[in-house]
Amino acid sequence: MNRRALIVGITGQDGSYLAELLLQKGYQVHGIVRRASTFNTGRIDHIYADRHEPDTRLFLHFGDLSDGTGMRRIVEEVKPNEVYNLGAQSHVRVSFDEPEYTADVVATGTLRLLEAVRDYMLGSKQTVRFYQAGSSEMFGSEAPPQNEKTPFHPRSPYAASKVAAHWFATNYREAYGMFICNGILFNHESPRRGETFVTRKITRAAARIKLGLDHKLHLGNLDAKRDWGFAGDYVRAMWQMLQADQPDDFVVATGVSHSVRQCLELAFQEVELDWKKYVELDSRYLRPAEVDHLLGDASKAREKLGWQPTVTFPELVKMMVAHDLELAGREQTLRLSGQLQEGRRHAW
Ligand code: NAP
Ligand code: G4F
């Protein structure tokens, strides 16, 4: 079959699951990695083989959405059949601290990538299918349940930038007839979720407190409600969108929402502790404008793509706590043997 996919954001949570899925399906997978002073490929190390080894189908390229020339060069070199734009400064709270950077990467970065793909298509006469990682944050303060017809009302620089990227993508589909799908994905989590997003922050803290590695968990708004699903299910939806006959936009969600407080209850139940004894409010984690309730209606994805989630929220929390208990256990062993010094990490 010999299909080539380019994943921008391959080192992130979704990028790693998507790369696994596409490799299983026989694709040659190319991923864009940002240059950093430390290793940042931890989520894909298990699937990466040195490019000099025979049968390698995963290739990494240095690039950045803020560098249009570099993106263009990579697209020309890879000659992808499918491009997945998952690259983003994806933290909502941080987007209030770094609004310009967030807009540059999330909004203008998408435009740069679209231009690179458009020019490659013009020059090569090849078709490229493009997935744009949109977000339920774009609905912001609109009342739940939200679906493809719900208007956008973004509440953060991140969300406003995602709305801009959504409309850039839609415009390129309408203006140039490109095969572009906007996925409007509700929150999705996993053991690979970044440690500063609330679910992972909670499951990691529950595990560490249980093993005596931490004593307190500082959080912001416990009343916010999200429709949380499993990332492995959501990358399947991304792929399915690009296999459809026509490009279209899809909401991807479980249709069930829980509050941050309920997440705490489930996670601490797993380790048989009472969360109320450990959780304290820290106003640094409150946002200048909050999104109170996201709850998705994914009927269209179910009907047109045959997509459905396979993991419930309690199952997801259980999976994440089990993973974090294993990590905490390893850290505890290293500390007890004197191979690891006590240190603290700042977590937004
Ligand atoms: P993530 O874990 O934060 O991963 C983001 C990826 O983008 C990482 O590979 C990151 O690289 C890369 N990146 C950051 N800045 C970049 C830049 N300037 N140029 C190129 N790449 C850059 O996010 P995720 O949870 O996997 O989400 C994937 C995408 O879906 C994001 O666009 C996110 O906004 C969107 N989304 C996520 C959710 C969700 O609940 N997870 C829901 C809706 C939409 P480093 O590893 O070097 O940081
Ligand atoms: O886990 P969160 O940071 O996720 P948020 O803001 O919903 O954004 C995530 O999902 C979006 C899809 O809807 C993505 F587009 C985006 O890239 C990202 O993946 O926060 C969830 C809720 C918020 O209401 C927040 O105020 O949890 C609340 N919260 C309470 N205390 C906290 C904390 N969030 C974080 N990160 N840290 C806290 O201490």
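Data block above holds the structure.
The sections below set out a description of the structure shown in this document. (Residues numbered from 1 in each chain as written. Chains lettered and ligands numbered in written order. Predicted model: local features only at pLDDT ≥ 70, side-chain atom pairs only at ≥ 80, totals over all residues. Heavy atoms only, no water.)

### Describing the overall build of the protein chain
- Helix and strand counts for the protein chain stand at ten helices and 13 strands.
- Compactness check: the protein chain gives a C-alpha radius of gyration of 20 Å against a globular reference of 20 Å for 348 residues, within 12% of the reference.
- On the principal axes, the C-alpha backbone points of the protein chain span a range of 60 × 50 × 40 Å.
- With 348 residues in all, the protein chain has 52% of them scored as buried.
- When contacts within the protein chain are restricted to residue pairs at least 6 apart in sequence, long-range pairs at least 24 apart make up 80% of them.
- Counting every atom, the protein chain has about 16200 Å² of accessible surface; 48% of that belongs to carbon and sulfur. (Helix = DSSP H or I, 4+ residues; strand = E, 2+ residues; numbered from the N terminus. Rg over C-alpha atoms; globule rule 2.2 N^0.38 Å. Buried < 20%, exposed > 50% of the residue type's maximum accessible area, 1.4 Å probe, protein only. Contact = heavy atoms within 4.5 Å. Areas by Shrake-Rupley, 256 points an atom, 1.4 Å probe, with all protein chains shown as cover.)

### Examining the site of ligand 1
- Of all residues adjacent to ligand 1, which total 25 residues, the nearest are Thr11, Arg34, Asp64, Ser90 and Tyr158.
- For ligand 1, an oxygen atom lies 3.3 Å from a polar atom in the backbone of Gly9.
- Interatomic distance of 3.2 Å between a side-chain N/O atom of Arg193 and a nitrogen atom of ligand 1.
- Within the complex, 90% of the 890 Å² of free accessible area of ligand 1 lies under protein.
- Taken together, the elements giving at least two residues each to the shell around ligand 1 come down to α1 (13–24), α4 (99–124), β5 (129–135) and α5 (157–176).
- Looking at the shell around ligand 1, the element that brings in the most residues is β5, giving three residues. (Near = heavy atom within 4 Å. Polar contact = N/O pair within 3.5 Å; in protein donor to acceptor, adjacent residues only side chain to side chain.)

### Some points on α1
- Taking 1.5 Å as the rise per residue, α1 with twelve residues should run 16 Å; its terminal C-alpha atoms sit 17 Å apart, in good agreement.
- A large share of α1 lies buried, amounting to eleven of its twelve residues.
- Within α1 the residues assigned to the buried category are Gln13, Asp14, Gly15, Ser16, Tyr17, Leu18, Ala19, Glu20, Leu21, Leu22 and Leu23. (Expected span 1.5 Å × (residues − 1).)

### Description of the packing of helix α6 (residues 198–210) against helix α10 (residues 313–336)
- Running from N to C, α6 and α10 point in directions that differ by 45°, and their axes come no closer than 8 Å. Comparing their axes, α10 and α6 come out oblique. Relative to α10, α6 is oriented so that their crossing is right-handed. Counting all contacts with α6, which are made through Thr199, Arg200, Thr203, Arg204, Ala207, Arg208 and Lys210, the residues of α10 involved are Phe313, Val317, Met320, Val321, His323, Asp324, Leu325, Leu327, Ala328, Glu331 and Arg335. (Axes fitted to C-alpha atoms, helices over the stretch in contact; angles between N-to-C directions. Parallel < 35°, antiparallel > 145°, perpendicular 65-115°, else oblique. Left-handed = near helix turned anticlockwise from the far one by under 90°.)

### Focus on the packing of aromatic side chains
- Using the criterion set out here, one finds nine aromatic pairs in the structure.
- Geometrically, the ring pair formed by Phe152 and Trp167 is edge-to-face, given 6.4 Å between the ring centres and 65° between the ring planes. On the criterion of sequence distance, the pair formed by Phe152 in the loop between β5 and α5 and Trp167 in helix α5 is long-range, its members being 15 residues apart.
- Assessed through its relative accessible area of 23%, Phe152 is described here as partly exposed.
- Ring geometry for Phe268 and Tyr278: centres 6.1 Å apart, planes at 20°, overall stacked. Highlighted residues: Phe268 in helix α8 (residues 260–270) and Tyr278 in the loop between α8 and β13 (279–281), separated in sequence by ten residues. Across the pair, exposure class does not vary: Phe268 and Tyr278 are buried alike. (Phe/Tyr/Trp six-rings, centres within 6.5 Å; stacked < 30°, edge-to-face > 60°.)

### Regarding the sheet that holds strand β2 (residues 28–33)
- Taken in spatial order, the seven strands line up as β3-β2-β1-β4-β5-β6-β11 in an open sheet, and their pairing is parallel. What marks the edges here is a single partner per strand, and that holds for β3 (58–62) and β11 (250–252). Pairs of neighbouring strands in the sheet enclose a mean axial angle of 20°, with direction left out of account.
- One ladder, built from five bridges, connects β2 with β3; its direction is parallel. Directly across from Val29, in β3, lies its bridge partner Leu58.
- Across the sheet, α5 touches β5 and β6 (179–185), and the angle it forms with β6 is around 155°. (Pairing = 2+ DSSP bridges.)

### Observations concerning helix α2 (residues 68–78)
- Buried within α2 we find Gly70, Met71, Ile74, Val75 and Val78. Down the axis, α2 shows its buried residues gathered within 135° of arc, on one side only. For α2, the exposed residues lying more than 90 degrees away from the buried face are Thr69, Arg73 and Glu77.
- Two residues or fewer after α2 comes Lys79, characterised by a positive phi angle close to 50°. (Arc of directions from axis to C-beta.)

### Some details on the site of ligand 2
- Around ligand 2, a shell composed of 25 residues is seen, among which Ser135, Ser136, Tyr158, Arg287 and Glu290 lie nearest.
- The contact in question runs from an oxygen atom of ligand 2 to an N or O atom on the side chain of Lys201, over 2.8 Å.
- The separation between an oxygen atom of ligand 2 and a polar side-chain atom of Arg287 is 2.5 Å.
- Partitioned by chemical class, the residues of the shell around ligand 2 number ten nonpolar, nine polar and six charged. (Nonpolar A, V, L, I, M, F, W, Y, C, P; charged D, E, K, R; others polar.)

### A closer look at the side chain of Ser95
- Inspection of the secondary structure assignment puts Ser95 in helix α3 (residues 92–97).
- Among the residues examined, Ser95 registers a relative accessible area of 0% and is labelled buried.
- Separated by 3.1 Å, the side chain of Ser95 and the backbone nitrogen of Tyr158 make a polar contact.
- For Ser95, the residues in contact, after removing those within four places along its chain, are Gln89, Thr102, Ser156, Pro157 and Tyr158.

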